[in-house]
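In case you want the letters, here they are:
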Amino acid sequence: QKEVEQNSGPLSVPEGAIASLNCTYSDRVSQSFFWYRQYSGKSPELIMSIYSNGDKEDGRFTAQLNKASQYVSLLIRDSQPSDSATYLCAVNAGGTSYGKLTFGQGTILTVHP
Amino acid sequence: DVKVTQSSRYLVKRTGEKVFLECVQDMDHENMFWYRQDPGLGLRLIYFSYDVKMKEKGDIPEGYSVSREKKERFSLILESASTNQTSMYLCASSPAGGGVWSGGQPQHFGDGTRLSIL
């Protein structure tokens, strides 16, 4: 069973702080990694994609990938109350997976003023 | 922008009814997916399709079937609705990236259908 595990949370950070969300995956041949944000009652929204080792930055978001450690993380700098949501880590295994993703259970983030 | 449209935002049906959930995407994506999402259980894949008329079972296909007669449309069918199928249903699509051996592209989700079976 291919698994994706996220830090269980909930995670609470003060406004302006850095929020750190972590994810590990079990399938060593995984090639594509995604972070989704899901507000309560809404559908998941893609916020970051990362395919190679290292860091990828997009505004206040930084995704970090370490394939040797089978670890992917999302950093949110200068956290805002509007960042309060559930964050889902998703991993695509490649091969004949036809774009299937394995999702983690999600980490609930609360940013308090 | 990718647009994935689900036919209903909220739906209420009775047990035993045959229920159709429709999903349309406007980006010519090859792959389409149906999930259900329940509190504490996360996103669970019901069925997916990688081409017209092609379908594959996901993790929880029992009680469901799908239809993909056109590339842009993927329908989920609850053959005989039961109360344990009350859930949020999410449709998603993604392009095929670099052939079937590709690492894959991200999925884009519709707004979801909150289905209640009474």
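Preceding block: the structure.
Residues numbered from 1 in each chain as written. Chains lettered and ligands numbered in written order. Predicted model: local features only at pLDDT ≥ 70, side-chain atom pairs only at ≥ 80, totals over all residues. Heavy atoms only, no water.

The next subject is the pattern of salt bridges. One pass over the full model with this rule turns up 10 salt bridges over all chains. Of the charged contacts, one joins Arg37 of chain A and Glu45 of chain A as a salt bridge, the two residues approaching to 3.0 Å between their closest N and O atoms. According to the relative accessible area criterion, Glu45 of chain A is partly exposed, its value standing at 36%. Between Asp38 of chain B and Arg44 of chain B there is a salt bridge whose closest N-O contact spans 2.8 Å. Here Asp38 of chain B falls in the buried class, since its relative accessible area comes to 12%. (Salt bridge = Lys/Arg side-chain N within 4 Å of Asp/Glu carboxyl O. Buried < 20%, exposed > 50% of the residue type's maximum accessible area, 1.4 Å probe, protein only.)

Taken together, the 24 residues of chain A in the interface contact 28 residues of chain B. Buried area between chain A and chain B, both sides added, is near 2000 Å², and the carbon and sulfur share of it is 56%. Considering only the side of chain A, the residues that lose the most area to chain B are Tyr98, Lys100 and Phe103 of chain A, jointly responsible for 30% of the buried surface there. Linking chain A with chain B are 0 salt bridges, by the criterion used here. Taken together, the connections running from chain A to chain B amount to 5 residue pairs in polar contact (both at pLDDT 80 or more). For the side of chain A that touches chain B, the secondary structure elements donating two or more residues are β4 (32-38), β5 (45-50) and β9 (85-92) of chain A. With 4 residues, the single largest contributor to the side of chain A that touches chain B is β4 of chain A. Residues of the side of chain A that touches chain B, tallied by class, amount to 9 nonpolar, 13 polar and 2 charged. (Contact = heavy atoms within 4.5 Å. Buried area = accessible area lost by both parts, 1.4 Å probe. Polar contact = N/O pair within 3.5 Å; in protein donor to acceptor, adjacent residues only side chain to side chain. Helix = DSSP H or I, 4+ residues; strand = E, 2+ residues; numbered from the N terminus. Nonpolar A, V, L, I, M, F, W, Y, C, P; charged D, E, K, R; others polar.)

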